[in-house]
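# Topology and contacts: notes
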Amino acid sequence: MHQSTPMGTDRPIRADFRSDTITRATTAMRDAMASAEVGDDVYDEDPTVRALQERLAAMAGKEAGLFLSSGTQSNLVGVLSHCGRGDEFLIGRTSHVLLNEAGGAAALGSAIPWPIEVDETNHFSADDVRAAVKEPDQHHPVTTLLSLENTANGHVQSVDHVGSLAGAAREHGLAVHLDGARLFNAAVAAGVGIEAWAAHVDTVSLCLSKGLGAPIGSVLVGDRASIGRAHRLRKMLGGGMRQVGHLAAAGLYALDHHVDRLAEDHARAGHIAAGMSGIDGLSVVHATNMLWVTPPAEAHSALVDHLLADGILASFWAPTMRFVTHLDIDDTQADLVVDSFTRFFDGA
Ligand SMILES: Cc1ncc(COP(=O)(O)O)c(C=O)c1O
């Protein structure tokens, strides 16, 4: 595989583990997109968008769905469908909505995030939720929402765990939103359907452009009233789109062909983790399609240079780098990264 040269390297890229968002639509997916029946979706007349929304809503056991351009937009309208100006939402400290969505809920909706501390697998407890809800008092913001994520940096939050968090939220009258950008990864890993988690929450944002391999798109599912509010917010954000059945067709194709195969991504990530496990001084955490790798601090920058020289890209954060497996990573590429690590540490 030879691609353009991201990250400033002028070497051919042989394996790109930066994210499962980097996949390109397959030929069959492109064919499905090209031949999609379309209409004006702002007029609610695009049959392919409607089919995608209805299908995901049904899969999640929810009343309605709304097609959006991105996970960020879907989470934003999801959170703001539950929070008004000055309302507070509780959220895990490492969550994508809090850290990586430009503070949109606060900037555009005046909703105030309250971060809850998490453990190394990005979990927090029902008691943490109870402790974070503010007493009704003139001094406090009104806590109206709990925002969850699954998988959380690759880690599956079990159905029971999400149920216990949502239960604590309900005791205080909170709504619950779930960022399910990778809920299908959780579902495949746990061997249950997405509806098992969706049953505990009001709205779920489902991404088509992560492990499912579509080039664009997310669908927010939930009860009709929440989705109605989200629909208006989408319009307000300039997110009403026209003949986007061509894009929704990629999502439908992905639901038909790319869900069960997520198990392959998880197995390849596990294979890489097993291959690295014998390397002294390397800490490796594997969760679904992600690997978190912490080399000795003094080796970090030389290791990055070595991997780049081998044509391997990852999210080279320090001290911990992230490798993500996806539709465009095969067994040879998985072996390549293990081999590259082994050669580096053998020579160290
Ligand atoms: C957990 C999670 N939620 C939401 C998003 C946002 O998705 P998008 O990049 O489509 O806005 C991402 C993006 O990678 C993500 O990892």
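Being a predicted model, the structure only gives us computed values, none of them experimental. (Residues numbered from 1 in each chain as written. Predicted model: local features only at pLDDT ≥ 70, side-chain atom pairs only at ≥ 80, totals over all residues. Heavy atoms only, no water.)

The next subject is the sheet that holds strand β12 (residues 321-324). With respect to topology, three strands assemble into an open sheet ordered β9-β10-β12, the strand pairing being antiparallel. The open sheet has two edge strands with one neighbour each: β9 (283-287) and β12. Across the sheet, the axes of successive neighbouring strands diverge by a mean angle of 20°, strand direction being ignored. Bridge count for strand β10 (residues 290-294) against β12 is four bridges, and the pairing is antiparallel. Looking at β12, one finds that Met290 is bridged to Val324. Its contacts with the sheet put helix α12 (residues 262-276) on β9 and β10, and the angle it makes with β9 is roughly 165°. (Pairing = 2+ DSSP bridges. Helix = DSSP H or I, 4+ residues; strand = E, 2+ residues; numbered from the N terminus. Axes fitted to C-alpha atoms, helices over the stretch in contact; angles between N-to-C directions. Contact = heavy atoms within 4.5 Å.)

Next up on the list: the pairing of strand β8 (residues 218-222). Here β8 lies mainly inside the structure; five of its five residues are buried. The pairing of strand β7 (residues 203-207) with β8 spans five bridges and is antiparallel. Within β8, the residue paired with Leu206 across the bridge is Val219. (Buried < 20%, exposed > 50% of the residue type's maximum accessible area, 1.4 Å probe, protein only.)

All told, the structure shown has five aromatic pairs when counted by the stated rule. Note on Phe341 and Phe345: the rings are 6.3 Å apart at their centroids and 20° apart in plane angle, and the pair reads as stacked. Of this pair, Phe341 and Phe345 both sit in helix α14 (residues 331-347), four residues apart, roughly one helical turn. A relative accessible area of 0% places Phe341 in the buried class. Here Phe344 and Phe345 contribute two aromatic rings whose centre-to-centre distance is 5.0 Å and whose plane-to-plane angle is 80°, an arrangement assigned as edge-to-face. Owing to a relative accessible area of 15%, Phe345 belongs among the buried residues under this scheme. (Phe/Tyr/Trp six-rings, centres within 6.5 Å; stacked < 30°, edge-to-face > 60°.)

Annotation of the protein chain at the domain level lists domain 1 (6-24 + 261-347) and domain 2 (36-257). Each of domain 1 and domain 2 has a C-alpha centre, and the two are 29 Å apart. Of the residues lining the interface, 15 residues belong to domain 1; the matching set on domain 2 comes to 16 residues. Surface buried jointly by domain 1 and domain 2 totals about 1,300 Å² across both partners, of which 58% is contributed by carbon and sulfur atoms. In this structure, the connection of domain 1 to domain 2 is made through one salt bridge. Measuring nitrogen to oxygen at the nearest pair gives 2.8 Å for the salt bridge that ties Arg182 to Asp20. At the junction of domain 1 and domain 2, the tally comes to four residue pairs in polar contact (both at pLDDT 80 or more). Breaking the side of domain 1 that touches domain 2 down by element, the ones donating at least two residues are α12, β9 and β10. The element best represented in the side of domain 1 that touches domain 2 is α12, accounting for three residues. A class-by-class count of the residues in the side of domain 1 that touches domain 2 yields seven nonpolar, six polar and two charged. (Domains from an automatic or database assignment. Buried area = accessible area lost by both parts, 1.4 Å probe. Salt bridge = Lys/Arg side-chain N within 4 Å of Asp/Glu carboxyl O. Polar contact = N/O pair within 3.5 Å; in protein donor to acceptor, adjacent residues only side chain to side chain. Nonpolar A, V, L, I, M, F, W, Y, C, P; charged D, E, K, R; others polar.)

Grouped together as the largest cluster of nonpolar side chains are 52 residues, with contacts concentrated most on Leu52, Leu56, Phe67, Leu146 and Phe184. The element that contributes the greatest number of residues to this core is helix α11 (residues 245-257), accounting for six residues. Sequence-distant contacts of Phe67, defined by excluding residues within four places in its chain, comprise Val49, Leu52, Gln53, Leu208, Gly217, Ser218, Val219, Arg234, Met241, Val244, Leu247 and Ala248. Membership of the second largest hydrophobic core comes to 30 residues, among which are Leu308, Ala314, Phe316 and Met321. (Core = buried A, V, L, I, M, F, W, Y, C linked by side-chain atoms within 4.5 Å.)

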